[in-house]
Amino acid sequence: MSDFNSLTASQKYSHLNNTVMNMLTKPSWGWWTIFAVDMLFLAFGIYCFIYQIYTGLGVAGYSHPVLWGVYITNFVFWVGIAHSGTLISAVLFLFRARFRMSIYRIAEAMTVFAVATAGLFPIIHLGRPWNFYWLLPYPNQRGLWVNFDSPLLWDVFAVSTYATISSVFFFIGMIPDIAAIRDTVVGKVKKTFYSVASLGWKGSSWEWGHYTRAYFYFACFATPLVISVHSVVSWDFAMANTPGWHTTIFPPYFVAGAIFSGLAMVITLCIPLRKIFKLEDYITMENFNGMSKMIILTSSIVFYAYLTEFFIAWYSGNKYEYDQFLYRANGDYALFYWIMMVCNGIVPHFLWWKKIRENLKILFIISLLINIGMWFERFNIIVISLAKEFEPGSWGLYKPSWVELGITVGSFAWFFMFFLIFVRTLPALSIAEIKEILPVPKKKEEGSTDE
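The present account deals with the structure reproduced in this document. (Residues numbered from 1 in each chain as written. Predicted model: local features only at pLDDT ≥ 70, side-chain atom pairs only at ≥ 80, totals over all residues. Heavy atoms only, no water.)

### Regarding empty space enclosed by the protein
Summed over all chains, the structure comprises 2 cavities of 30 Å³ or more. Space inside the largest cavity adds up to approximately 70 Å³. Contributing to the lining of the largest cavity are 13 residues, with Thr86, Ser89, Thr111, Ser166 and Phe169 lying nearest its centre. When contributions to the lining of the largest cavity are tallied by element, the ones reaching two or more residues are helix 3 (70-94), helix 4 (104-118), helix 6 (151-182) and helix 8 (205-238). Per element, the largest residue contribution to the lining of the largest cavity is 5 residues, and it comes from helix 6. Its residues assigned to classes, the lining of the largest cavity shows 7 nonpolar, 5 polar and 1 charged. Estimates place the volume of the second largest cavity at around 50 Å³. Contributions of two or more residues to the lining of the second largest cavity are made by helix 10 (285-315), helix 11 (319-330), helix 12 (334-346) and helix 14 (360-387). Looking at the lining of the second largest cavity residue by residue, the classes come out as 7 nonpolar, 1 polar and 3 charged. (1 Å grid on protein atoms, 1.4 Å probe; cavity = no way out; pocket = protein on both sides within 12 Å on 5 of 7 lines; lining within 4 Å. Points joined across faces, edges and corners; volume = space filled by probe spheres on them. Helix = DSSP H or I, 4+ residues; strand = E, 2+ residues; numbered from the N terminus. Nonpolar A, V, L, I, M, F, W, Y, C, P; charged D, E, K, R; others polar.)

### What about the packing of aromatic side chains?
Across all of its chains, the model carries 54 aromatic pairs by this definition. Their ring planes at 85 degrees and their centres at 6.4 Å tell us that Tyr133 and Trp134 sit as a pair that is edge-to-face. Where Tyr320 meets Phe390, the ring centres are 5.0 Å apart and the plane angle is 70 degrees; that geometry is what we call edge-to-face. One end of the pair, Tyr320, is in helix 11; the other, Phe390, is in the loop between helix 14 and helix 15 (402-425), with 70 residues separating them in the sequence. The positively charged end of Lys388 is found above the aromatic ring belonging to Trp395, 4.6 Å away from the centroid. Geometry around Trp31 places Arg424 over its ring, the cationic atom sitting 5.5 Å from the centre. (Phe/Tyr/Trp six-rings, centres within 6.5 Å; stacked < 30°, edge-to-face > 60°. Lys NZ or Arg CZ within 6 Å of the ring centre and 35° of its normal.)

### What to know about the packing of helix 4 against helix 9 (residues 250-276)
Helix 9 packs onto helix 4 with a crossing angle of 120 degrees between their chain directions and a minimal axis gap of 10 Å. Between helix 4 and helix 9, the angle is such that the two are oblique. Of the two elements, helix 4 crosses helix 9, and the hand of that crossing is right-handed. On the side of helix 4, the interface is formed by Ile106, Ala107 and Met110, while helix 9 contributes Gly262, Met265, Val266, Leu269, Cys270 and Leu273. Here the contact of helix 4 with helix 9 is composed, by residue class, of 8 nonpolar, 1 polar and no charged. (Axes fitted to C-alpha atoms, helices over the stretch in contact; angles between N-to-C directions. Parallel < 35°, antiparallel > 145°, perpendicular 65-115°, else oblique. Left-handed = near helix turned anticlockwise from the far one by under 90°. Contact = heavy atoms within 4.5 Å.)

### As for unusual backbone geometry
Cis geometry is found at the peptide bond from His64 to Pro65, where omega equals 5 degrees. Mapping Pro65 onto the fold places it in the loop between helix 2 (29-55) and helix 3. With a phi close to 55 degrees, Leu199 is a non-glycine residue in the positive phi region. Position of Leu199 among the secondary structure elements: in the loop between helix 7 (188-197) and helix 8. Since its relative accessible area comes to 58%, Leu199 is described here as exposed. (Buried < 20%, exposed > 50% of the residue type's maximum accessible area, 1.4 Å probe, protein only.)

### Things to note about the pattern of salt bridges
In total, this model carries 5 salt bridges according to the counting rule given. Note that Arg100 is salt-bridged to Glu433, the shortest N-O span being 2.9 Å. Of this pair, Arg100 sits in the loop between helix 3 and helix 4 while Glu433 sits in helix 16 (residues 431-436), placing them 333 residues apart in sequence. An identical accessibility class is assigned to Arg100 and Glu433; each is buried. (Salt bridge = Lys/Arg side-chain N within 4 Å of Asp/Glu carboxyl O.)

### Re the side chain of Thr86
The topology assignment puts Thr86 in helix 3. For Thr86, a relative accessible area of 4% puts it in the buried group. Looking at Thr86, its side chain comes within polar contact range of the side chain of Tyr162, at 2.6 Å. Discounting chain neighbours no more than four positions away, the residues touching Thr86 are Val91, Thr111, Tyr162, Ala222 and Val226. (Polar contact = N/O pair within 3.5 Å; in protein donor to acceptor, adjacent residues only side chain to side chain.)

What follows is the structure in structure tokens.
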């Protein structure tokens, strides 16, 4: 393949179109192998879930007083993963950050699929998943109504709103690209699918004018969700009078941590995708540099919050609060606590060095470590605070069972299943926006392949 930089402007436009089309029309053995392995893990997760339904919630590792465990940890983790998609697609769009253009579609897809994964865990945690609709506020013949004072009900509104807005934003942004695929793809079934999905897009100046305004408004609507949704999730804990939870620092702390973990997941997805589909000309070092710098910023905020929690626990003079944080650092779960501190507070700061930011192998490992650290952060907040509250007589330890771990593995497979299908079905790169940063072709350019 010729060097991308040596191509003419028209050839670059054609190269971009062909690259996106090849992702959709040329399945590789690598993709099928990854998909098959993913389906095996998903099947194991489904087996664990069915086993729990038939056997009862007793197969989970819950023991008094820890009745929130891995399932709620996974819920908070996946909601956090979803946040950077809105940040990259909406907030950075409003700030006109160029480095977002090649990666925001991947981030938006990650958002939708992460929310779809997060929504499973409150249902799984119920033990009787067929009664999940009791959480929904609607008139019913039983004369029951939900408790609007419950933070768990706030999650229903926050997550459902976030899922709706992010899905609409994701779909609206793809319409011009889906229309481009519709005009190129062959086969009656595919042609019909892309024709319906493109909503009759013709690419007229009138359509582009309304489209750009609508996209801008959706970005404005989506931006507050970056702050609001994970703030609401943090209130699940901050509203409880439990040592380690009852603190006003949780909303900004959770929002920064969500963006932090989401950015790491975007990097985790982009690096293999870039290699498998040969997207080096579009997902460039500029993209990874931009995300790495944002990770440094959010890591600093999160680590500062960790230290602030310790300081306030000591400065407040509240014995229960102070003992809680000492227990986190040197108690039964100390290993998990220090994994969190190292992965979230120390490892990301290696990205200050440009050579590390541009070494994709090291960057990939750092992104994995960050997500491991953020999962353990949620585990530490939820489990350790419940394991050691006020009365020594009610203290206890929690150990996840194989069923919980199997469902957790299945949730990752569930997420990656959607993502793998996405890259083979819909445009993973934004053709329209990437062309905005490419040179504009002249009317008659030597070697032009476009009209």
